[in-house]
Amino acid sequence: MTPALTATAAGFGTGLSLIVAIGAQNAFVLRQGVRRHAVLAVVGICALSDALLIALGVAGVGAIVVAWPGALTAVGWIGGAFLLCYGALAARRVFRPAEGLTAEGETTGSRRRAVLTCLAMTWLNPHVYLDTVFLLGSVAADRGPLRWTFGLGAVLASLCWFAALGFGARLLSRFLARPAAWRVLDGLVALTMAVLGVSLIAGA
């Protein structure tokens, strides 16, 4: 295997190990995929956002951000508040599952909300910056002239993961045809959002 392929494979494996972890973004993509609602837009936003953030990390932007810690503190408070609000909405759906049960009848407004929510879930989450700009950026720096090849592998991992999560989630549609199953899913989402939101605010 050539050094370039080795670096790409290493980037793919490292990126996948960070992206697959349970988090707000993955929970949102999964829900949209199960509902078959704005899946292409949501997957595209997540993959393109990761690609941009990984590129910034490989370019060494992380070192610049470290010099301005107030920025991450602000994002932590804003992101934590957003996740708590999103978790509260998921908790409400536990008791009113019909609100998010099907994708039929979705409107342009609801698609716009899905896109805006995805953007907020991605760019207001400090964990996204930690994984892409800082961690992947620092590992890529060790690759020297092959750092961009390593970054390409991480970008490919992000694209493959979000595509599989978003479009593969429909395989769960039969299971989630029952309202009780949606209550369980929304309960898990609400719990995840609450834990992440509190941890972000506590660490800000």
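Sequence positions are assigned chain by chain, starting from 1 and proceeding in written order. Confidence filtering applies because this is a predicted model: local features only for residues at pLDDT of at least 70, side-chain atom pairs given and counted only at 80 or more, and all residues used for totals across whole chains, interfaces and linings. Computation of side-chain values: all heavy atoms of the structure, hydrogens and water removed.

**Some words on helix H7 (residues 126–141)**
An α-helix turns once every 3.6 residues. As a result, residues three or four positions apart point the same way.
Here's step 1: Secondary structure counts use DSSP, requiring at least four H or I residues in a row for a helix and at least two E residues in a row for a strand, with both numbered from the N terminus. What a helix should span is 1.5 Å times the count of its residues minus one. The end-to-end C-alpha distance of H7, which contains 16 residues, comes to 21 Å, matching closely the 22 Å that a straight helix rising 1.5 Å per residue would cover.
Here's step 2: Three labels apply to residues, based on accessible area from a 1.4 Å probe with only protein chains included: buried if under 20% of the type maximum, exposed if over 50%, partly exposed otherwise in between. Among the residues of H7, Pro-126, Val-128, Tyr-129, Thr-132, Val-133, Phe-134, Leu-136, Gly-137 and Ala-140 are the ones counted as buried.

**A short note on the packing of helix H1 (residues 3–19) against H7**
Here's step 1: In contact at an axis separation of 11 Å, H1 and H7 are set at 145° when each is read in the N-to-C sense. Here the hand of the crossing between H1 and H7 comes out right-handed. Touching Thr-14, Gly-15 and Leu-18 of H1 are Asp-131, Leu-135 and Leu-136, all from H7.
Here's step 2: In this classification, the charged set is Asp, Glu, Lys and Arg, the nonpolar set is Ala, Val, Leu, Ile, Met, Phe, Trp, Tyr, Cys and Pro, and all remaining amino acids, among them Gly, are polar. Taken together, the residues that form the contact of H1 with H7 break down as 3 nonpolar, 2 polar and 1 charged. Fitted lines through C-alpha atoms give the axes, limited to the stretch in contact for helices. The angle between two N-to-C directions lies from 0 to 180 degrees. Should the near helix be turned anticlockwise from the far one by less than a right angle, the crossing is termed left-handed; should it be turned clockwise, right-handed. Contacts are assigned to residue pairs that have any heavy atoms within 4.5 Å of one another.

**Some points on the nonpolar core**
Here's step 1: Residues belong to a common nonpolar core when they are buried Ala, Val, Leu, Ile, Met, Phe, Trp, Tyr or Cys residues joined through side-chain atoms within 4.5 Å. Core analysis: the biggest nonpolar cluster contains 28 residues, and Val-42, Leu-83, Met-121, Val-189 and Met-193 have the highest contact counts within it.
Here's step 2: Counting only elements with at least two residues in this core, the list comes to helix H2 (24–35), helix H3 (39–58), helix H5 (69–95), helix H6 (108–123), helix H8 (147–168) and helix H9 (179–203).
Here's step 3: Take this core: its biggest share by element is 7 residues, from H9.
Here's step 4: If near-sequence neighbours (up to four positions away) are discounted, Met-121 is found in contact with Ala-24, Gln-25, Phe-28, Phe-82, Leu-83, Tyr-86 and Met-193.
Here's step 5: Ile-54, Val-58, Leu-136 and Phe-150 belong to the second largest nonpolar core, which has 7 residues in total.

**Some points on H2**
Here's step 1: Between its first and last C-alpha atoms H2 spans 17 Å; for 12 residues at 1.5 Å apiece the expected length is 16 Å, and the two agree.
Here's step 2: With respect to burial, H2 is a largely interior element, 11 of its 12 residues being buried.
Here's step 3: Along H2, the positions that sit buried rather than exposed are Ala-24, Gln-25, Asn-26, Ala-27, Phe-28, Val-29, Arg-31, Gln-32, Gly-33, Val-34 and Arg-35.

**Here we look at the confidence of the model for the protein**
Reading fine detail from the predicted coordinates is not recommended where pLDDT is low.
Here's step 1: On a scale of 0 to 100, pLDDT captures the predictor's confidence in every residue. When pLDDT is averaged along the protein, the result is 81; 85% of the residues meet or exceed 70.
Here's step 2: Per-element mean pLDDT across the protein ranges from 65 in helix H4 (residues 61–66) up to 94 in H3.
Here's step 3: In the predicted structure, residues 100–106 sits below a pLDDT of 50 and forms 13 contacts with residues beyond four places in sequence or in another chain.

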